[in-house]
Amino acid sequence: AQSVTQLGSHVSVSEGALVLLRCNYSSSVPPYLFWYVQYPNQGLQLLLKYTSAATLVKGINGFEAEFKKSETSFHLTKPSAHMSDAAEYFCAVSQDSNYQLIWGAGTKLIIKP
Amino acid sequence: GAGVSQSPRYKVAKRGQDVALRCDPISGHVSLFWYQQALGQGPEFLTYFQNEAQLDKSGLPSDRFFAERPEGSVSTLKIQRTQQEDSAVYLCASSSQRAAPLRDTQYFGPGTRLTVL
């Protein structure tokens with residue numbers, strides 16, 4: 001069965017510092033991988049997705065993620081954090097043969113001024 | 001254009017009551033998903049519609065949960081005889097594609113927060 005692990009329920013970084021949110025997955029076949037962001041009182045919004053094209057995926061708001069098959073990871077990064085990045089971030093995985101997205105528990109990103 | 005909307009945004013029910021949660025997807029979107037998100041957790045898949053056909057309901061936790069999309073647009077998730085463990089945020093998402101729906105972006109509504117007392 002597929003699963004997603006997000007290390008750290010809360011991550012705190014200073015404004016301007018590197019953001020690194022970790023996501024590891026388990027999947028028996030090449031997966032589709034997604035990062036979503038949830039701002040307070042708003043719906044989940046897609047940041048980026050990996051669908052077997054380039055392993056480095058660029059998303060909105062300056063975020064990017066790299067698919068590393070050998071590490072079964074899809075970590076999310078941003079070079080310089082902004083106060084507006086404070087939100088909860090979710091990693092999700094699935095296979096094309098399955099309609100279901102399997103989600104991680106989420107990581108709350110806190111930006112310190 | 002309007003995004004996915006859900007109503008009500010908040011619902012408080014007494015244990016044993018029936019509730020109905022509504023989802024209005026983006027106009028013309030073929031695929032519609034329901035998820036349940038417990039506090040501090042990621043969403044969990046409940047069911048999937050392609051137009052009016054419910055193609056997957058494997059995530060529905062019990063036979064008290066029922067979803068429909070009779071005309072292929074608006075969807076309703078009904079929970080009968082609510083229990084405290086049903087307390088969660090219920091999310092609806094839609095996407096435009098029919099085939100390979102997971103390659104297509106899912107657009108989420110703001111959710112309905114259900115509290116069962």
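Predicted model, so just to flag it, every value in this text is computed and none were measured. Along each chain, numbering runs from 1 in the same order as the chain's sequence is written. Following the order in which they are written, the chains are lettered starting with A and the ligands numbered starting with 1. At least 70 in pLDDT is required for a residue's local features to be given in this predicted model, at least 80 for side-chain atom pairs to be given and counted, and no such filter applies to totals for whole chains, interfaces and linings, which use all residues. Water and hydrogen atoms were dropped before computing side-chain values, which therefore reflect all heavy atoms in the structure.

Chemist: Got a minute to help me understand the state of the cysteines in this structure?
Modeler: By definition, a disulfide links the sulfur atoms of two cysteine residues through a covalent bond. Residue and element names in this part refer to chain A. Note on disulfides: each one is a pair of cysteine sulfur atoms within 2.5 Å. The tally for this structure, following the rule as stated, stands at 2 disulfides over all chains. At a sulfur-sulfur separation of 2.0 Å, the disulfide partner of Cys-23 is Cys-91. Looking along the S-S bond of the Cys-23-Cys-91 disulfide, the torsion reads about -65°, which is the left-handed sense. You can see Cys-23 sitting in strand S3 (residues 19-26) and its partner Cys-91 sitting in strand S9 (residues 87-94), a full 68 residues away along the chain. Relative accessibility under 20% of the residue-type maximum defines a buried residue, over 50% an exposed one, and the middle range a partly exposed one, all with a 1.4 Å probe and only protein chains included. A residue is classified by how much of its surface remains accessible, and Cys-91, at 0% relative accessible area, is buried. For helices the rule is a DSSP run of H or I covering at least 4 residues; for strands it is a run of E covering at least 2, with both sets numbered from the N terminus onward.

Chemist: What exactly am I supposed to notice about the sheet that holds strand S6 (residues 56-58) of chain A here?
Modeler: Two modes of strand pairing occur in sheets, parallel and antiparallel, and in both the strands are linked by backbone hydrogen bonds. Residues and elements named next belong to chain A. What makes two strands pair is DSSP finding at least two bridges between them. The 5 strands are arranged S1-S3-S8-S7-S6 in an open sheet whose pairing can be described as antiparallel. Every interior strand has two partners, whereas the edge strands, strand S1 (3-7) and S6, have only one. Adjacent strand axes in the sheet meet at a mean angle of 20° when their direction is disregarded. Pairing of S3 with strand S8 (residues 73-78) involves 4 bridges; the strand directions are antiparallel. By the bridge assignment for S8, Leu-21 is matched with Leu-76. Note on definitions: angles span 0 to 180 degrees between N-to-C directions of axes, and those axes are lines fitted to C-alpha atoms, for helices only across the stretch in contact.

Chemist: I tried to follow the interface of chain B and chain A on my own but got confused; where do I start?
Modeler: Listed per partner, the contact involves 25 residues of chain B and 21 residues of chain A. Interface area for chain B against chain A, summed over the two sides, is near 1800 Å², with a carbon-plus-sulfur share of 56%. Here, a salt bridge means any Lys or Arg side-chain nitrogen found within 4 Å of an Asp or Glu carboxyl oxygen. In this structure, the connection of chain B to chain A is made through 0 salt bridges. Secondary structure elements with two or more residues in the side of chain B that touches chain A: strand S4 (31-37), strand S5 (44-50) and strand S6 (53-56) of chain B. Two residues form a contact once any of their heavy atoms are found within 4.5 Å. Two parts placed together each lose some accessible area under a 1.4 Å probe, and the buried area is that loss summed for both.

Chemist: For this particular structure, what's the right way to read the confidence of the model for chain A?
Modeler: Should the pLDDT be low somewhere, the predicted coordinates at that spot are not to be read in detail. pLDDT gives the predictor's per-residue confidence on a scale running from 0 to 100. Per-residue pLDDT for chain A has a mean of 90; in total, 96% of the residues score no lower than 70. The weakest mean pLDDT in chain A belongs to strand S10 (residues 102-103) of chain A at 90; the strongest belongs to strand S2 (residues 10-14) of chain A at 97.

Chemist: What is the right way to look at the pattern of salt bridges in this model?
Modeler: Pairs may arise between side chains of opposite charge once their charged atoms sit close together. Residues and elements named next belong to chain B. A complete count under the given rule lists 5 salt bridges over all chains for this structure. Here Arg-22 makes a salt bridge to Asp-24, at a shortest N to O gap of 2.7 Å. Here Glu-68 makes a salt bridge to Lys-78, at a shortest N to O gap of 3.3 Å. Taken together, the residues Glu-68 in strand S7 (residues 65-68) and Lys-78 in strand S8 (residues 75-79) connect sequence positions 10 residues apart. For Glu-68, a relative accessible area of 26% corresponds to the partly exposed category.

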